[in-house]
Amino acid sequence: FQLSHSSKMTEEGFYSFSSQNSRELTEDDHEKLAKQTNISDFKQKKLEIEARKNWDKFYNRNKNNFFKDRNWSAEDLKIICPDIDFEQEISYLEAGCGVGNMLFPLVAEIPKLKLFAFDFSDNAVRLLEERAKELGLPVATSVVDLSIPSVSSPFDEQVDLATLIFVLSAIHPDKMQIAAENMRNLVKIGGSVVVRDYGINDHAMIRFGREARISDRFYVRQDGTRAYYFDLDELTGFFENSGFRCVRKEYLHRMTINHQKNLKAPRIFVQARFIREN
């Protein structure tokens, strides 16, 4: 969906806007949250140990079919990074690339990008490499776990621009600071990291039932993958503590409307841009 500072309806049947606040919860939301219960310590530990395996299974099962290509990405990046000249060659990293749903639409619109990609699922990286080969696109790839402390980049150069699109939310909250510090190794001084992820009070967070909550705002899905819902200041803190300066941050509000079922789902995302200072 597109960035906007004012509400707007679109033909897809939702409106979207951005603000500095998440949404207020309704009484019904509070009741649903009160019914959520935590999973056992044993299951929590098992999910952490099997995180990579669960994402590998996910990509093995769904291949390229689960996530749609993010065709909004080029337009939005130009709005978020108005100072970057996308007519020049820019080195770009899709961190936590999955099967490349950001990278491929982006390079179709911005052809001068020099491409880098990593994920911690071997299957995801393999699927991305196969698609890149079919398209004749050179992409430097690696298998990387952002939650493990590292002092170097897996690539032979640092990049001008990196994106983390719905990546951090899959990492245990205790390890998010490590992930932000690892991004510092991957981006040049003066380079940017653009983050988009799930926001606190998102409809999907409220919808989790019993035996799905791992800890505050951290949940497990039925397939064993996990999702965390961010407070904007908390997200900013991880990067500012790692030598980045925040130049833009916002909650993105999106109301998805299903006219046939007369259902409205208020989605909330966080988005921010960070520049590496040192």
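Every value quoted in this text rests on a predicted model; they were computed, and no experiment measured them.

Rules behind the numbers
Residues numbered from 1 in each chain as written. Predicted model: local features only at pLDDT ≥ 70, side-chain atom pairs only at ≥ 80, totals over all residues. Heavy atoms only, no water. Salt bridge = Lys/Arg side-chain N within 4 Å of Asp/Glu carboxyl O. Helix = DSSP H or I, 4+ residues; strand = E, 2+ residues; numbered from the N terminus. pLDDT = per-residue confidence, 0-100. Contact = heavy atoms within 4.5 Å. Buried < 20%, exposed > 50% of the residue type's maximum accessible area, 1.4 Å probe, protein only. Polar contact = N/O pair within 3.5 Å; in protein donor to acceptor, adjacent residues only side chain to side chain. Arc of directions from axis to C-beta. Axes fitted to C-alpha atoms, helices over the stretch in contact; angles between N-to-C directions. Parallel < 35°, antiparallel > 145°, perpendicular 65-115°, else oblique. Left-handed = near helix turned anticlockwise from the far one by under 90°. Nonpolar A, V, L, I, M, F, W, Y, C, P; charged D, E, K, R; others polar. Core = buried A, V, L, I, M, F, W, Y, C linked by side-chain atoms within 4.5 Å. Pairing = 2+ DSSP bridges.

**Q** Describe the pattern of salt bridges, with residues and values.
**A** All chains considered together, the criterion is met by 13 salt bridges. Taking the shortest distance from any N to any O, the salt bridge between Arg126 and Glu130 comes out at 3.4 Å. Separated by 4 residues within a single helix, Arg126 and Glu130 lie in helix α6 (residues 122-135), roughly one turn from each other. Residues joined in a network through salt bridges with shared partners are Asp216, Arg217 and Glu234.

**Q** For the confidence of the model for the protein, give the residues involved together with the corresponding values.
**A** Taken as a whole, the protein shows an average pLDDT of 86; of its residues, 89% reach a score of 70 or greater. Per-residue pLDDT stays below 50 along residues 1-14; that stretch engages in 44 contacts with residues further than four places along the chain or on separate chains.

**Q** Talk me through helix α9 (residues 232-240); I want residue IDs and the actual numbers.
**A** Residues spaced three or four apart along an α-helix point in a common direction, a consequence of the helix completing one turn every 3.6 residues. Buried residues of α9: Leu232, Leu235, Thr236, Gly237, Phe238 and Phe239, and no others. On its buried side, α9 packs onto β5 (159-165), α7 (176-186), β6 (187-198), β10 (244-258) and β11 (263-276). The N-cap residue of α9 is Asp231: its side-chain oxygen and the backbone nitrogen of Asp233 are 3.0 Å apart.

**Q** Account for helix α4 (residues 73-80), naming residues and giving values.
**A** Restricting attention to buried positions, one finds in α4 the residues Ser73, Ala74, Asp76, Leu77 and Ile80. Buried residues of α4, viewed axially, fall in a sector of 165 degrees; they line one side.

**Q** Let's hear about the packing of α7 against α9: which residues, and what values?
**A** Put simply, α7 and α9 touch, their axes get as near as 8 Å, and they point 50 degrees apart. As judged from the angle between their axes, α7 and α9 are oblique. Relative to α9, the crossing made by α7 is right-handed. Contacts between α7 and α9 involve Met176, Gln177, Ala180 and Met183 from the former and Gly237, Phe238 and Phe239 from the latter. Within the contact of α7 with α9, the residues separate by chemical class into 5 nonpolar, 2 polar and no charged.

**Q** Before we move on, could you go through the nonpolar core and cite the residues and values that matter?
**A** Judged by nonpolar contacts, the single largest core of 40 residues is most densely connected at Leu164, Met183 and Phe239. Apart from residues lying up to four places away in sequence, Met183 is in contact with Ala95, Leu146, Ala162, Leu164, Val193, Phe239 and Phe244. Of all hydrophobic cores here, the second largest spans 25 residues; its members include Leu77, Ile90, Leu106 and Val107.

**Q** Describe the pairing of strand β4 (residues 139-143), and please don't skip the residues or the numbers.
**A** For strand β3 (residues 113-119) and β4, the ladder comprises 5 bridges, and the chain directions are parallel. Bridging from a neighbouring strand, Leu115 pairs with Val139 of β4.

**Q** I'd love a proper account of the sheet that holds strand β7 (residues 213-215), names of residues and values included.
**A** Read across the open sheet, the 3 strands follow the order β7-β8-β9; overall the sheet is antiparallel. Two strands lie at the open edges of the sheet, namely β7 and β9 (226-228), each paired on one side alone. The average angle at which neighbouring strand axes cross in this sheet is 30 degrees, direction not considered. Here 2 bridges tie β7 to strand β8 (residues 218-220), and the two strands are oriented antiparallel to one another. Bridged to Ser215 within β8 is Phe218.

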